[in-house]
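# Observations on chain architecture
One-letter residues, chain by chain:
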Amino acid sequence: MQRILHSINALNEAKQVIPGGVNSPVRAFGSVGGTPRFIKEGRGAYIVDEDNNCYIDFVQSYGPLILGHSDSLVVQAVQDSVAKGLSYGAPTELETNLAKEIISVCEGVEKIRFVNSGTEATMSAIRLARAFSGKDDIIKFEGCYHGHSDSLLVKSGSGLATFGETSSKGVIQDIAKHTLVARYNDLDSVKECIRLSGNVGCIIIEPIAGNMGLVPSKKDFLQGLRELCDKENIVLIIDEVMSGFRVSLQGSYAFYGVKGDLSTYGKVIGGGMPLAAFGGRADIMDMLSPIGGVYQAGTLSGNPVAVSAGLATLALIKQDVGLYERLESLANRLAEGLMSAAKTYNIPLQTCVRGSMMGFFFTQEEVIDWNSAAKSDTEFYAKFHAKMLEKGVNFAPSQFETSFMCKPFNETIIDEVIEKARASFKELKA
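Residues numbered from 1 in each chain as written. Predicted model: local features only at pLDDT ≥ 70, side-chain atom pairs only at ≥ 80, totals over all residues. Heavy atoms only, no water.

### Side note on the packing of aromatic side chains
Going by this rule: Aromatic contacts are taken between Phe, Tyr and Trp rings whose centres are within 6.5 Å, Trp giving its six-membered ring; a plane angle under 30 degrees counts as stacked, one over 60 as edge-to-face, and the others as tilted. Secondary structure counts use DSSP, requiring at least four H or I residues in a row for a helix and at least two E residues in a row for a strand, with both numbered from the N terminus. We call a residue buried when its accessible area falls under 20% of the maximum for its residue type, exposed when it is over 50%, and partly exposed in between, using a 1.4 Å probe and counting protein chains only.
Per the stated rule, a full pass over the model turns up 18 aromatic pairs. Ring centres 5.6 Å apart and planes at 70° place the aromatic pair Phe-362 and Phe-384 in the edge-to-face group. Of this pair, Phe-362 sits in the loop between strand E17 (357-361) and helix H12 (370-373) while Phe-384 is found in helix H13 (residues 378-390), placing the two residues 22 residues apart along the sequence. For Phe-362, a relative accessible area of 3% translates into the label buried. Judged by its relative accessible area of 1%, Phe-384 is buried. An aromatic cluster is present here, built from Phe-58, Phe-360, Phe-362, Phe-380, Tyr-381, Phe-384, Phe-395, Phe-409 and Phe-425 joined pairwise through their rings.

Here it is as structure tokens:
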């Protein structure tokens, strides 16, 4: 039996000074029950909690750590940068170097600006898109998450495609009314939103959604969305905070050939440090202050420590020519192994792989949008999550998150996870 007394005590102590004891809600294990593990160390494919339990980690900080925990060269780059200073509040050549690296491989990105989080990136991109289009309304998709800014904490209403309703207290309806919510992979619902509004200036989408579980766009849908935006003079924002440099060196473009007018990035580009960015067409980006009238700023934006981690990470990715193919192969191996184990015990399971991202749902039908994802058996996922955690495997504490492969993974580790999943299924069906 796994001992987790230290984590239990740590959570109780944290609750005295931090709301819910956590600094991001999903960490509280509200969707799966049990006690969140307090982590003290990560190395390669593994994390270790305060009770010295070791776990194979498929969370990988929710995506950034494509090289695994504590990659020696990334850590060295951070240490070298820290030794020179933590932050200057002034420009550095490091920022320019990272900007050039991203622009060199990301289609449609001519200029870029760094911020500290994906929320900042999407919020700033939307403001910029509204200014460029001269129109107030935006469209997002149900099940896609773009951070916690007011315009994006909106859920769909009761109709086919409607003006949104707030999904968080504190978001006022006067803001939410400018956000319409369409159905993912459903172009007709987008057209209906445009018709209802008559004033849509921006559409934002995760081309490979990772926040309702892994649900990729259909190719004809994403291409149709691009054509619709061109026709209606709407700025298309491709949100690659999660998928950028995760599914391929070119992000989702390698799968769809679709580029945004603006794109957002995060996670991998910071190598585990707080760093994100938004970029795109030069004529749009040049509307930003100090040369344009759209204000955006940040004291720690592009700070040298985070940028150094990002530069090291991207350099190592580029050097490892077969990295994405290997990680995708491992993701497919895991998906196929889980499917086989589930079938043995008549457990309905759907899986999906895109590059180094892998998702699975306990449901009978194919998952193509939020409605089909929501039919998943979340209670069974919670039980499975607990069983796997006891066996030393850390999946995300929610059915509606994604699993991530990292460079230190190999077939031996994946096969070990499959056998533990098989044992968990057996116990759950006993």
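Right, picking up where we left off after that structure.
### Topic: the sheet that holds strand E2 (residues 46-49)
To keep it simple, the criterion reads: Strand pairing is assigned whenever DSSP detects at least two bridges linking the two strands.
Reading across from one edge, E1-E2-E3-E18 is the order of the four strands in this open sheet, with mixed pairing throughout. The open sheet has two free edges, formed respectively by strand E1 (39-43) and strand E18 (393-394), since each of these has just one partner strand. Where strand E3 (residues 54-57) meets E18, two bridges bridge the pair, whose relative direction is parallel. Looking at E18, one finds that Asp-57 is bridged to Asn-394.

### Notes on the UniProt feature "modified residue: N6-(pyridoxal phosphate)lysine" (unreviewed entry) in the protein chain
Inclusion rule: UniProt positions are given in the numbering used here, feature names are shortened, and annotations may be inferred rather than shown by experiment. In what follows, residue pairs with any heavy atoms lying within 4.5 Å of each other are defined as contacts.
Feature annotation in UniProt assigns "modified residue: N6-(pyridoxal phosphate)lysine" (unreviewed entry) to the following positions: Lys-267. Among the secondary structure elements, Lys-267 is positioned in the loop between strand E14 (262-265) and strand E15 (276-280). Overall, the relative accessible area of 22% leaves Lys-267 in the partly exposed class. Setting aside chain neighbours within four positions, we find Lys-267 in contact with Tyr-62, Gly-63, Pro-64, Val-241, Met-242, Gly-272 and Leu-275.

### Examining the packing of H13 against helix H14 (residues 411-429)
Inclusion rule: Between N-to-C directions, angles cover 0 to 180 degrees, with each direction set by a line fitted to C-alpha atoms, over the stretch in contact for helices. Oblique is the label for any angle not under 35 degrees, not over 145, and not in the 65 to 115 range, which are roughly parallel, roughly antiparallel and roughly perpendicular in turn. Should the near helix be turned anticlockwise from the far one by less than a right angle, the crossing is left-handed, and should it be turned clockwise, the crossing is right-handed.
Taken N-terminus to C-terminus, the directions of H13 and H14 make an angle of 125°; their axes are 9 Å apart at the nearest point. With respect to their mutual orientation, H13 and H14 come out oblique. Crossing handedness for the pair H13 and H14: right-handed. Contacts between H13 and H14 involve Phe-380, Lys-383, Phe-384, Lys-387 and Met-388 on the former and, on the latter, Val-417, Lys-420, Ala-421, Ser-424, Phe-425, Glu-427 and Leu-428.

### A few points about the pairing of strand E13 (residues 235-240)
Look at any regular strand and the pattern is simple: side chains alternate between the two faces of the sheet. The element E13 is extensively covered by neighbouring structure, given that six of its six residues are classed as buried. Taking every second residue as pointing to the same face, both faces of E13 are buried, with Val-235, Ile-237 and Asp-239 on one and Leu-236, Ile-238 and Glu-240 on the other. Taken together, the four bridges between strand E10 (residues 200-205) and E13 define a ladder with parallel strand orientation. Residue Cys-202 lies in a different strand from E13, and its bridge partner there is Val-235.

### Examining the packing of helix H11 (residues 323-344) against H14
Here is the rule: By the convention adopted, Pro, Cys, Tyr, Trp, Phe, Met, Ile, Leu, Val and Ala count as nonpolar, Lys, Arg, Asp and Glu as charged, and the other residues, Gly among them, as polar.
At a closest axis distance of 9 Å, the pairing of H11 and H14 adopts a crossing angle of 20°. Here H11 is positioned roughly parallel relative to H14, judged by the angle of their axes. For the pair H11 and H14, the sense of crossing is right-handed. For the pair formed by H11 and H14, the contact residues are Leu-330, Arg-333, Leu-334, Gly-337, Leu-338, Ser-340, Ala-341, Ala-342 and Thr-344 on the first element and Glu-411, Ile-414, Asp-415, Val-417, Ile-418, Ala-421, Arg-422 and Phe-425 on the second. Here the contact of H11 with H14 is composed, by residue class, of ten nonpolar, three polar and four charged.

### Re the pairing of E2
Note: E1 against E2, four bridges, orientation antiparallel. Counterpart to Arg-43 in the pairing with E2 is Tyr-46. Connecting E1 to the next strand, E2, in antiparallel fashion are two residues, including Gly-44 with a positive phi near 60°. Direction of pairing for E2 relative to E3: antiparallel, over a ladder of three bridges. Of the residues in E3, the one forming a bridge with Ile-47 is Tyr-55.

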